[in-house]
Structure formats: C-alpha cells, structure tokens
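# Breakdown of the fold
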Amino acid sequence: MKKSYIIDVDCANCANKMELAAKKTPGVKDAVVNFMALKMSVEFEDGADPKAVMQDVLKACKKVEDDCEIYL
Ligand SMILES: [Zn+2]
C-alpha cells in the first residue's frame, strides 16, 4: 500500500534526512520525499497499519529535524 502526505521542511538537506528516517521506521517498505513538491510518498509493508506507522515516522523525522512537519 502506498500513501502520499504533505510535508513542511525548510531545505532539501532536511528533506533528505526525513526520507532516511522514514525509510528506517518499522512498517515502511520505502519512502520518497519530494522537496520541490513538499510531499512524502510512503510504501507500507504488507499488514502494516499506515496510521500507526506514520506516527512513528513523524516521531523519527522530528528527531532528526525538529522543524519539520508531516500533515497526517
Ligand atoms: Zn534544513
């Protein structure tokens, strides 16, 4: 399952950090951040609950870049 989220982040470097943090989150198969469009596409593992997983993704992203936001 794949979902797309609107994000807020100040630069391409931080967008990249968010992408890496999202990719490492359990339940996430793959994540791609598009800084120009301010969007994050997340592919979830089979059986993962996107809502629960995205809470962890948000936490992980805030840890690497406290100024970022994901609109869930
Ligand atoms: Zn930045």
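## Looking at the pairing of strand S3 (residues 39–44)
Where strand S1 (residues 2–8) lies against S3, five bridges are found, and the strand directions are antiparallel. Residue pairing for S3: Tyr-5 is matched across the bridge by Met-40. Sheet topology note: the strand S2 (residues 28–34)/S3 ladder contains six bridges and is antiparallel. Residue Asn-34 lies in a different strand from S3, and its bridge partner there is Lys-39. With antiparallel pairing between neighbouring strands as the criterion, S2 and S3 make up a hairpin whose turn holds four residues, including Leu-38 at a positive phi of roughly 50°.

## Re helix H2 (residues 50–64)
Relative to the 21 Å expected for 15 residues at 1.5 Å per residue, H2 spans 21 Å between its end C-alpha atoms, a close match to the ideal helical length. Where H2 is concerned, the buried positions are Met-54, Val-57, Leu-58, Ala-60 and Cys-61. On an axial view of H2, the arc spanned by its buried residues comes to 165°, and they lie on one face. Opposite the buried face of H2, at more than 90 degrees from it, the exposed residues are Ala-52, Lys-59 and Lys-63.

## Quick look at the sheet that holds S3
The four strands lie next to each other as S2-S3-S1-S4, forming an open sheet whose pairing is antiparallel. Two strands lie at the open edges of the sheet, namely S2 and strand S4 (69–71), each paired on one side alone. Sheet twist, expressed as the mean angle between neighbouring strand axes with direction ignored, is 30°. Two strands pair when backbone bridges link them, and S1 and S4 are joined in this way by three bridges, in the antiparallel orientation. Residue pairing across strands places Asp-8 opposite Glu-69, the latter belonging to S4.

Procedures and definitions
- Residues numbered from 1 in each chain as written.
- Predicted model: local features only at pLDDT ≥ 70, side-chain atom pairs only at ≥ 80, totals over all residues.
- Pairing = 2+ DSSP bridges.
- Helix = DSSP H or I, 4+ residues; strand = E, 2+ residues; numbered from the N terminus.
- Expected span 1.5 Å × (residues − 1).
- Buried ≥ 20, exposed ≤ 12 C-beta atoms within 10 Å, placed from the backbone.
- Arc of directions from axis to C-beta.
- Axes fitted to C-alpha atoms, helices over the stretch in contact; angles between N-to-C directions.

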